[in-house]
Each structure stands twice: as C-alpha cells, then as structure tokens.
Amino acid sequence: KAGVTQTPRYLIKTRGQQVTLSCSPISGHRSVSWYQQTPGQGLQFLFEYFSETQRNKGNFPGRFSGRQFSNSRSEMNVSTLELGDSALYLCASSFGQGFTGELFFGEGSRLTVL
Amino acid sequence: QKEVEQNSGPLSVPEGAIASLNCTYSDRVSQSFFWYRQYSGKSPELIMSIYSNGDKEDGRFTAQLNKASQYVSLLIRDSQPSDSATYLCAVKGFQKLVFGTGTRLLVSP
C-alpha cells in the first residue's frame, strides 16, 4: 500500500509569491490534515479536511488556504509569501470518519522563502 | 501556558538503559494521547497510543497515562542507538492533534 505522497518535496520561492502544495493520502483514507513544522514552534496545525469539507482550521492567517477533492487528494496554498513561511509542510492522512488522532505522515514539502 | 509541554532535551542515556520521556497537557477533557517518533530529516511516525489511565505496553515501549495529573509518559526499555530520535507527545483535540515540541533522545553505544 502506498504511503502519503507529497509534492513537491523541495521548493524555493521569493517573498510575495504564492505556492501550492499537493498531498495524496493513503488509499481509503478520507481525512487529510496539514501541519507546519519549524525548529522553534514545532508542529503547528493548519487544517483538517474530510469529504471535501474543512472540519477545523488552525491559527494561521488567511494567506493559508486549502481544499480537498472528491478523490481525497488535498492541496494547500500560501499566498503573498513571507520569510517566516519557510518551513516543512507536512500532510497526514487517517482512516475513518471520525478523527482518531492516528496519523500517517508524508515526507513533507520543504519550502524556503528568500 | 502551552497546550502540550515536553522537555526539549537532549535526554542522553547509555545503550541498554531505560529512557523516560514525559509530557504534560493543559486540556482536562482530552481523552486520546499519542507518541510519535521523528528521526532527523524524516516525518513523524506513530509508535504508541493510550486512552485509559494506567500503562500500555508494546514491545520495549510502555506508555503511561495519569489523567488526574494531566501527565503522559513513554518508557523505552533496553534503549538502542537506533532509538535516537525526537519523540513527540500529541493530544487529540477537536478534529486535530496538538503536538508538543518534542524531546530529543540520544542513546550512546
């Protein structure tokens, strides 16, 4: 069974640009969560989606957005990039309708903003 | 006060010793607790979950939960150099997991 796949793995952008990150969950998993990981703040929750609906959103500015498609694949977008957006963005999927907390993480997309 | 707190470490133990990792949380209504392991340059992976007060054992790992004290711990027996990683405590909230910043464990041969 394939794991969670995130693309791209690495990317470099400049301030003011926007970026779109993609996540394909494990087959059969319908819940997709996104986290931002930085050395100082650790793993910070961005959003969680289930059946194309955002069920929860973290304390991030509106520049951070996401969506989920009918095949459970998810994308997140960050507009008007700032230096502080440099981080590892992790996508995780889980099985079941309820949110169990048992997450399977992808390898992440490492974003560098110059 | 952070929702989930962990000592950042590093916690250094010799090979074969018991490593004890601790975590406290602030939300009294939390019901589900998890330990994730993250190797350097890799993504987190789930190693233990615990839902009831007491101990839960899985191989060399034992998770301990005390809801009255809002305290979760992870014991690693017979620690191996391959256990060297950052251990993340996570507490289930509404449709999300809240993670601590992790404790770095170093097991020396």
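Preceding this paragraph is the structure being described.
No experiment lies behind these values; they were computed from the predicted model shown.

### Let's talk about the overall build of chain B
Looking only at helices and strands, chain B has zero helices and eleven strands in total. Traced from its N-terminal end to its C-terminal end, chain B shows the element sequence β-β-β-β-β-β-β-β-β-β-β. Its C-alpha atoms give chain B a radius of gyration of 13 Å, within 12% of the compact-globule value 13 Å for 109 residues. The principal-axis extents of the C-alpha atoms in chain B amount to approximately 40 × 30 × 20 Å. When each of the 109 residues of chain B is scored for burial, the buried share is 44%. Pairs at least 24 apart in sequence give 53% of the contacts found in chain B among residues at least 6 apart. Just so you have it, chain B exposes about 5,300 Å², and 47% of that area is on carbon and sulfur atoms. Where the 11 positive side-chain charges of chain B centre and where its 10 negative ones centre are 6 Å apart.

### Remarks on the environment of Ile50(B)
All names here are of chain B. If you trace the backbone, Ile50 turns up in strand β5 (residues 45-50). Separated by 34 residues in the primary sequence, Ile50 and Ser84 place their C-alpha atoms 22 Å from one another. The residues contacting Ile50, other than those within four sequence positions of it, are Gln31, Ser32, Phe33, Asp55, Lys56, Ala63, Gln64, Leu65 and Val72.

### Some points on the nonpolar core
Counting 24 residues, the largest nonpolar core has Trp35(B), Val72(B), Leu74(B), Ile76(B) and Tyr87(B) as the members making the most contacts within it. Among the elements of the structure, β3 (19-25), β4 (33-38), β5, β7 (61-66), β8 (71-76), β9 (85-93) and β11 (103-108) of chain B are those that each provide at least two residues to this core. Setting aside residues up to four positions removed in sequence, Val72(B) forms contacts with Leu21(B), Asn22(B), Cys23(B), Tyr25(B), Phe33(B), Trp35(B), Ile50(B), Gln64(B) and Leu65(B). Judged by nonpolar contacts, the second largest core, of 21 residues, contains Val4(A), Leu21(A), Cys91(A) and Leu111(A).

### Quick look at the pattern of salt bridges
One pass over the full model with this rule turns up eight salt bridges over all chains. Here Glu75(A) ties to Arg73(A) by a salt bridge, and the two come within 3.4 Å at their closest N and O atoms. For Glu75(A), a relative accessible area of 16% corresponds to the buried category. Here Arg77(B) ties to Glu57(B) by a salt bridge, and the two come within 3.5 Å at their closest N and O atoms. Here Arg77(B) is found in the loop between β8 and β9, whereas its partner Glu57(B) is found in strand β6 (residues 54-58), with 20 residues between them in sequence.

### Overview of the packing of aromatic side chains
Summed over the entire model, instances satisfying the criterion amount to ten aromatic pairs over all chains. Among the aromatic residues, those joined into a cluster by ring pairs are Tyr35(A), Phe45(A), Phe105(A), Tyr36(B) and Phe99(B).

About the thresholds
- Residues numbered from 1 in each chain as written.
- Chains lettered and ligands numbered in written order.
- Predicted model: local features only at pLDDT ≥ 70, side-chain atom pairs only at ≥ 80, totals over all residues.
- Heavy atoms only, no water.
- Helix = DSSP H or I, 4+ residues; strand = E, 2+ residues; numbered from the N terminus.
- Rg over C-alpha atoms; globule rule 2.2 N^0.38 Å.
- Buried < 20%, exposed > 50% of the residue type's maximum accessible area, 1.4 Å probe, protein only.
- Contact = heavy atoms within 4.5 Å.
- Areas by Shrake-Rupley, 256 points an atom, 1.4 Å probe, with all protein chains shown as cover.
- Lys, Arg positive; Asp, Glu negative; His and termini not counted.
- Charge placed at Lys NZ, Arg CZ, Asp CG, Glu CD.
- Core = buried A, V, L, I, M, F, W, Y, C linked by side-chain atoms within 4.5 Å.
- Salt bridge = Lys/Arg side-chain N within 4 Å of Asp/Glu carboxyl O.
- Phe/Tyr/Trp six-rings, centres within 6.5 Å; stacked < 30°, edge-to-face > 60°.

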